[in-house]
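Below are the chains, spelled out letter by letter.
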Amino acid sequence: MSAAPPVQTGAVEIDGLTVSYRRRQLLLRVLTDVSFTIKPGEAYGLVGESGCGKTTVAMSLMRYLPPNAVIESGSLSFGGDDLLAADERTLRRWRGDRMAMVYQDPGTALNPSIRIGDQIAEVFRFHRGMDKQEAREASAHMVSTVQISDAAGVLRRYPHELSGGQQQRIMFAMALATDPDLLVLDEPTTGLDATVEAEVLDLVENLRDQFNTSILFVSHNLGIVARMCERVGVLYAGRLIEQGNAREVFRDPRHPYTLALLRCVPRLGMRKDTDRLDPIPGSLPALGADMPGCVFADRCPIARDRCVESPPELMPVSDGHMARCFFHEEVPDIPPMAAATQEDAAPVPDEVLLQVSDLVKTYKFSGTEVVAVGGVDVVIKRGEVFGLVGESGSGKTSFAKCIVGLIDVTSGELSFEGMDVSKPAGKRPGEARRRLQMVFQNPDNALNPTHSVRAILRRSLKLLAGVRGRDQQDHQMNDLARSVRLEPRHLDVRPSALSGGLKQRVAIARSFAGSPAMVLCDEPTSALDVSVQAAILNLLVDLQRRQGVSYVFISHDLAVVRYVSDSIGVMYLGKLVDVGSAEQVFASPHHPYTEALLSAIPTFDIDESRPRIKLSGTLPSATDVPSGCPFHTRCPRVLGEICRTEVPPWQEDGERHRYRCHIPPAELEELQKTAPEQAEDVVA
Amino acid sequence: MASVEGSGLELTPVPPAPVLDVRAERRRRRRELLRALVRSKTFIVGAAILIFWVVDAIFWRAIVPHDPLGVDPIGTLKAPSSAHWFGTDNLGRDVFSRVLAGAATVLVIAPAATALGLVGGTTLGLITGFYRGWVDDVVSRIVDAFLALPLIVITVLVLASLGRTTLNLILVIGIIFTPLIARTVRSAVLAEREREYVAAARLRGERGIRIMVWEILPNITGPITVEATVRLAYAIFAATTISFLGLGLQDPSPDWGLQIANGRAYMQVAWWMVIFPAAALGTLVVGVNLVADGLKRVVEE
Amino acid sequence: MTRYILKRLGLTVITLVIVSFVVFAASQLLPGDVGRTILGPYASQQQVDALDKSLGNDKPLPVRYWNWASDFVKGDWGTSPVQNVEVRPLVLGRLKNSLYLAAFAMVLIVPFSVFMGVVAALKYGKLADRAISIIGLSFIALPEFVIGVILIVVFAVQLGWFPTSSQVPGTNPVDWFRQLLLPAIPIMFVLFGYISRMARAGTVDALQANYTRTAILKGLPRRHVVTRHVVRNSMLPTITVVSVQVGYLVGGLLVVETLFAYPGIGQLTLESATGHDLPTLEACVLMIALIYCFANLIADLAYGILNPRVRLA
């Protein structure tokens, strides 16, 4: 460590951090020579895909690594103190007091057997020496600081009685209770609904103004980091490959990986007809792989011999902006790899493929009845991509499962290619099964781990395409594999030997085995790394064009849905509230809920400040759906009594767009030109 | 990978990742499993004990110094000596030979009963776990009722009614094991059936039996194996306890439980009649349990 | 919570009813005519038939079951044809003796087992953990009669510190130990094995949970984290196991009581099974099942109280 000028509290200095994990006699290197600093009061974002080591950096800072982790070299200093030299007792004093952490999945992060109030009070009692009464008051104060109403009531509750958003706010309350100098956030909003995520991020911004803490924000979501942080560092395979001012790095990336990362994520304006996503070829290096040259060389479009032979240093690009690339000046000129598809789409007759009439699905749970889908009507044409959007509790998953036949329908009509498909898959005509298939979210779960890929595909070919005889099956299998860009060597292995992207290709091939007319895609890319998502989305788009297949495409990522879909449906608490062509649904006038969803997307265009629309209250429970318009309890554009008492009618906005609201289109369009009055006390 | 024309930028080809075929992978997996087992000291000790007794059970006729059934009216209740390492019992029979011979009976009964229970239990567990519904509810009630009565009590009841034959003993233990094993299999099945590959199979129109046997069963072999070894240990325990209570094998069988029961009356004067069979039984049971524990650790990885 | 309790109560009743079916059916299968057993081998067949008729043994099965079940619930458990005493006081008296023995064993070993299980988890992977695990494992493995027999030979026969057979102790605490310690030890071994293992597993899970990580990252002292955050959650699965063990306890008692000639319900069960004493056998088995179900109910209750999700539902 250099002899530095007097260091202010809250300043973090990481220098040359190298961490490995010991696994059965081997040392697997996870971080190599990572160095960066965080100034007091600054928010520093650390981005990268899964496995890049960003969580290891966060945990190293908190000195909470698993027992098999080895800090091989480097120094960690915080407010002038050496973190590595600190003993257990000192660390215990600092943790929760000077440095605090909030991470993902707040449901499990809180102790289910201890009341909320006691869990917050602990911090005050142990770090500030308060007695019970003082600690309780201080806890109540923190609860209102994180904008939860009825603090006294919340203190008495148990974690399972709060919503996900509320739980995460409590985590923040505990973390900030002692006004720490450093706050480490590790994917704090992953797993939360889009609107809830936006609320939590608002809260963080709010708290920053109040507390002036330094923040290390670890996330895989570039948009969030762009919104929340001043400076950003990009990690790839355990190395810091670019660093600088957040706006500058995202506007003018100087490392091929950063550029590729930005290019492979669909942004709100992109459409499948005009723009193509750029996947990154190859795959992430294995954990602990030893690479003599640049760690990105084998996937880099501008790599040269020099890159493979010697590892580059961090080169200065401009003031504060550095990139670990010999040829960083060439990066802005790298052209997009794939041009927009030129091939013509297969001709598709204009006819109705799937007709859903008043679909209702209810679940019975020990006495209570939960209405998951409360009467939905939808018509999907041949070759159409129908995007389905909604947060937790919207019923979109149940709806999808009804269509494809995984669960039985409580009431309503489902007609597919003229066949009645209101029964579960096993009882449908075989033709219906062949023509209506599904791709699942998690490729690890979707393929039987004990079967080889060949066996899996052979079974689908036999049952869905009616192909009998091994030779025939193998022959057709080769065609099938080629259509999803799988190679023959991928066929004779078990799924566990394949990467996530390859597994998903197998799952897609499996669904396409019988030449389906409609495929239901349930979050097909959510479980994959960002660099792989683009390749799978491209594949899905290609297959759709080539075969004239129709999709019902479910995703929580609105940009992806907009990219892929021809028409979109928005669901809220089991009802379809907004449906029509993709352009129209995402543009005003549209349902206030759609409006709020769109405003919740974190955007890259940081200059363009869009007003955030806050929703008041929490999502009502599905057992107690509000009367009249189900959205009226939270709607920022609620009219009054009428929204509570009367079910809103369908408003037609042109030929291809309708939404359920009491406000007619012309008026709504006018209203939606400006942001609504913001809700006071947000509790979501 | 094509090169983008005109810009002088060449895209480097991506080297194919090495990928093994199914057979090679299966061999590698098995080798890794064995290696993990060998590393576990508890497993090694348990396996050694088990192997010793199995070998003894098969080859005792060649090893025993005296005839285990050989009565000697003069040399009764003799203390351990160089002629009789474990002494003689109340009928002058050599205890050492009887101890060696006793392994055979229990190592036939226990595995047979366990196998019976495995077949029945796996089938029952698969059906109730997969189909659920009223079948599951009814069967669960019955299983709970069975569990309310300890194994020993039920066995006593049944054997007293139906007769004390070896076959009956195997049947009773095996049938009682069925619901116990079914419960473990059922919870494993409950977890697996939520996985998406089962949903995919349903969407293909696979029949229930095919899904149970072909899709789910191969994925739950781990828990089943562990359960089998635990049950085996319990079968040994149960069979010898029954013999001890006088409801199992009869004289002059060298069954350990029976030996201990017979020796009880002579405990004051001939402790060797009781201690040696007890020690032998103890080591066997501990050995099987160590093997079960080692397997459990490795399966849970 | 009330729903939870009522549901559990309902299930218990159903289980007991099914058990009564099983017991009745099994006892009907026992060879040996009841009338013959009472009158002995020298009575004539006519006399036996007449007695059977008067006892109601010739009626159809469901009727006999109903009569038997309703009598039982009313408290009329019949008379033992073998011992010539009323069944109810006999069985209840023996049950009391067995409960003494069981309680003695449990008081001595349950808290200790839980403690050792938690210690093993806290020292995960170290020598103490391995030792406790292996010892527990071995204890489970050894059949009770093996341990019992070794104990008798060593401590009663050779050393003479304890009697070779046990009687019901008086009020003197020394006498309690003298009579009950040896028979209790095999039971205690098995209990230790199961309970310490479950306590360990529950504690390991709690230690690795996210909420423990939160507590540590809040800078709370280790002792507080363990006692306040970890233990409460790790006890939930342990309680279930303790109750299940009470069930197995009774099975173990049968063997131990026979070995030590202790006049408990287990020994009575065995005697009546081999001696074709139907009424006594039926009563014994039903009482054993009742105790087991009752213990489970208590465990469910405790679980409901400790788990806020259930308590507040």
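The rules behind each value
- Residues numbered from 1 in each chain as written.
- Chains lettered and ligands numbered in written order.
- Predicted model: local features only at pLDDT ≥ 70, side-chain atom pairs only at ≥ 80, totals over all residues.
- Heavy atoms only, no water.
- Helix = DSSP H or I, 4+ residues; strand = E, 2+ residues; numbered from the N terminus.
- Rg over C-alpha atoms; globule rule 2.2 N^0.38 Å.
- Contact = heavy atoms within 4.5 Å.
- Areas by Shrake-Rupley, 256 points an atom, 1.4 Å probe, with all protein chains shown as cover.
- Lys, Arg positive; Asp, Glu negative; His and termini not counted.
- Charge placed at Lys NZ, Arg CZ, Asp CG, Glu CD.
- Axes fitted to C-alpha atoms, helices over the stretch in contact; angles between N-to-C directions.
- Parallel < 35°, antiparallel > 145°, perpendicular 65-115°, else oblique.
- Left-handed = near helix turned anticlockwise from the far one by under 90°.
- Nonpolar A, V, L, I, M, F, W, Y, C, P; charged D, E, K, R; others polar.
- Pairing = 2+ DSSP bridges.
- Buried < 20%, exposed > 50% of the residue type's maximum accessible area, 1.4 Å probe, protein only.
- Expected span 1.5 Å × (residues − 1).
- Core = buried A, V, L, I, M, F, W, Y, C linked by side-chain atoms within 4.5 Å.
- Patch = residues over 30% accessible without salt bridge, like charges linked within 9 Å, V, L, I, M, F, W, Y side chains within 5 Å.
- Salt bridge = Lys/Arg side-chain N within 4 Å of Asp/Glu carboxyl O.
- Buried area = accessible area lost by both parts, 1.4 Å probe.
- Polar contact = N/O pair within 3.5 Å; in protein donor to acceptor, adjacent residues only side chain to side chain.

Another aspect to go through is the overall build of chain A. Secondary structure summary: chain A contains 24 helices and 24 strands in total. For chain A, the C-alpha radius of gyration of 27 Å lies close to 26 Å, the compact-globule estimate for 684 residues. C-alpha atoms of chain A, sized along the principal axes, occupy 80 × 70 × 45 Å. Considering only contacts in chain A between residues 6 or more positions apart, those separated by 24 or more positions represent 66%. For chain A, the computed accessible surface area is about 27,000 Å², with 48% contributed by carbon and sulfur atoms. The distance from the centre of the 75 positive side-chain charges to the centre of the 89 negative ones in chain A is 7 Å.

We now examine the packing of helix H2 (residues 41-63) of chain B against helix H3 (residues 95-131) of chain B. All names here are of chain B. Running from N to C, H2 and H3 cross one another at 130°; their axes reach a closest spacing of 8 Å. Between H2 and H3, the interaxial angle falls into the category oblique. Viewed along their axes, H2 and H3 form a crossing whose handedness is left-handed. Between H2 and H3, the residues in contact are Trp53, Val54, Asp56, Ala57, Trp60 and Ile63 and Val99, Leu100, Ala101, Ala103, Ala104 and Leu107, respectively. Counted by class, the contact of H2 with H3 contains eleven nonpolar, no polar and one charged residues.

Residue and element names in this part refer to chain A. Here four strands make up an open sheet; going across it, the order is S2-S1-S4-S5 and the pairing antiparallel. Every other strand in the sheet has two partners, leaving strand S2 (26-38) and strand S5 (81-82) as the edge strands with one partner each. As paired elements, strand S1 (residues 12-23) and strand S4 (residues 69-78) share eight bridges and run antiparallel to each other. Across the sheet, the residue bridging to Asp15 is Ser75, located in S4. The sheet contacts of helix H1 (residues 54-61) involve S1, S2 and S4, and relative to S1 the element is tilted by about 110°.

With that out of the way, let us pick up helix H13 (residues 396-404) of chain A. Residue and element names in this part refer to chain A. Counting buried residues along H13, seven of its nine residues qualify, which places the element largely inside the surrounding structure. Along H13, the positions that sit buried rather than exposed are Lys396, Ser398, Phe399, Ala400, Cys402, Ile403 and Val404. Gly405 sits one or two residues past H13 and shows a positive phi near 95°.

Under the 1.5 Å per step criterion, the end-to-end length of helix H11 (residues 272-300) of chain B is 42 Å for 29 residues, consistent within 8% with the ideal 42 Å. Of all the 29 residues making up H11(B), 23 are buried; the element is thus mostly covered by neighbouring parts of the structure.

Our focus in this paragraph is the nonpolar core. Side chains of nonpolar character tend, in soluble globular proteins, to be buried together. One finds Trp256(B) and Val91(C) to be the most contacted residues of the largest nonpolar core, which totals 154 residues. When neighbours within four sequence positions are excluded, Val91(C) is seen to be in contact with Trp77(C), Ile265(C), Leu268(C), Thr280(C), Ala283(C), Cys284(C) and Met287(C). Counting 151 residues, the second largest nonpolar core, distinct from the first, contains Ile38(A), Val47(A), Val102(A) and Cys264(A).

The next thing to look at is a negative patch on the surface. A grouping of Glu13(A), Asp15(A), Asp33(A) and Glu313(A) is seen on the molecular surface, where their side chains present a negatively charged patch. If you trace the backbone, Asp33(A) turns up in strand S2.

A few words now on a positive patch on the surface. Residue and element names in this part refer to chain B. A cluster of basic side chains, namely Arg23, Arg26, Arg27, Arg30, Arg31, Arg35 and Arg39, defines a positive patch on the protein surface. By secondary structure assignment, the location of Arg30 is in helix H1 (residues 22-39). The exposure class assigned to Arg30 is exposed, which follows from its relative accessible area of 54%.

Next up on the list: the pairing of strand S22 (residues 575-581) of chain A. All names here are of chain A. Counting buried positions over the seven residues of S22 gives six, a clear majority of the element. The hairpin turn running from strand S21 (residues 567-572) into S22, its antiparallel successor, is two residues long, and Leu573 in that turn takes a positive phi close to 50°. Here S22 pairs with strand S24 (residues 657-660) via three bridges, running antiparallel. Opposite Asp578, over in S24, you have Tyr659 as the bridge partner.

The next subject is the sheet that holds strand S15 (residues 385-389) of chain A. Residues and elements named next belong to chain A. Taking strand neighbours across the sheet as the criterion, the eight strands line up as S18-S19-S20-S15-S21-S22-S24-S23 in an open arrangement whose pairing is mixed. Looking at strand neighbours, the two that pair on one side only are strand S18 (436-439) and strand S23 (650-652), the edges of this open sheet. Across the sheet, the axes of successive neighbouring strands diverge by a mean angle of 20°, strand direction being ignored. Pairing geometry for S15 and strand S20 (residues 550-554), over four bridges, is parallel. Following the sheet pairing, Phe386 is matched in S20 by Val552. Packing of H13 onto the sheet brings it into contact with S15, S18, strand S19 (518-522), S20 and S21, and relative to S18 it is tilted by some 140°. Across the sheet, helix H22 (residues 592-599) touches S15, S21 and S22, and the angle it forms with S21 is around 100°.

On to the interface of chain C and chain B, then. Listed per partner, the contact involves 46 residues of chain C and 39 residues of chain B. Between chain C and chain B lies a buried interface of about 3,900 Å² when both sides are counted; carbon and sulfur atoms form 78% of it. In terms of surface lost to chain B, no three residues of chain C exceed Leu137(C), Ala141(C) and Phe145(C), which account for 14% of the buried area on that side. Counting the contacts that link chain C with chain B gives zero salt bridges. Counting across the chain C and chain B interface gives two residue pairs in polar contact (both at pLDDT 80 or more). Taken together, the elements giving at least two residues each to the side of chain C that touches chain B come down to helix H1 (2-29), helix H6 (127-141), helix H7 (144-158), helix H10 (222-260), helix H11 (265-274) and helix H12 (278-306) of chain C. No other element matches the nine residues that H7(C) contributes to the side of chain C that touches chain B. Counted by class, the side of chain C that touches chain B contains 33 nonpolar, eleven polar and two charged residues.

On to the interface of chain B and chain A, then. Contacts between the two partners involve 33 residues from chain B, matched on the other side by 42 residues from chain A. Summing both partners gives a buried area of about 3,200 Å² for chain B against chain A, and 57% of it is carried by carbon and sulfur. The tally of links between chain B and chain A comes to one salt bridge. Glu206(B) serves as the salt-bridge partner of Arg459(A), at 2.9 Å between the closest nitrogen and oxygen.

Moving on, we come to the side chain of His255(A). Residue and element names in this part refer to chain A. Along the chain, the position of His255 falls in the loop between helix H10 (246-251) and helix H11 (256-264). The exposure class of His255 is buried, given its relative accessible area of 2%. Setting aside its immediate chain neighbours within four residues, His255 contacts Ile241, Glu242, Phe296, Ala323, Arg324, Cys325 and Val331.

Note: most residues except glycine have negative phi, and most peptide bonds are trans. Residues and elements named next belong to chain A. Across the junction of Ser588 and Pro589, the peptide omega takes the value -5°, indicating a cis bond. Relative to the helices and strands, Pro589 is located in the loop between helix H21 (582-585) and H22. Look at Glu417: it is not a glycine, yet its phi comes out positive at around 50°. With respect to the helices, strands and loops of the structure, Glu417 is situated in the loop between strand S16 (411-416) and strand S17 (419-420).

Residues and elements named next belong to chain A. With their axes 8 Å apart at the nearest point, helix H4 (residues 116-127) and helix H7 (residues 164-176) run at an angle of 25° to one another. By the angle between their axes, H4 is roughly parallel relative to H7. When the axes of H4 and H7 are compared, the crossing they make is right-handed. Side by side, H4 and H7 meet where Ile116, Gln119, Ile120 and Val123 of the first sit next to Ile170, Ala173 and Met174 of the second. Grouping the constituent residues of the contact of H4 with H7 by class yields six nonpolar, one polar and no charged.

Turning next to the pattern of salt bridges. Scanning the entire structure with this criterion turns up 52 salt bridges over all chains. In this structure, Asp89(B) and Arg98(B) form a salt bridge, with 3.8 Å as the shortest nitrogen-oxygen distance. No difference in accessibility class separates Asp89(B) from Arg98(B), as the two residues are buried. For Arg231(B), the salt bridge is made with Glu227(B), and the minimal N-O distance between the two is 2.9 Å. On the criterion of helical spacing, the pair formed by Arg231(B) and Glu227(B) is a turn pair, its members being four residues apart in helix H9 (residues 221-244). The class for Arg231(B) is buried, based on a relative accessible area of 14%. Within the structure, one salt-bridge network assembled from shared partners comprises Arg459(A), Arg204(B), Glu206(B), Arg210(B) and Glu215(B).

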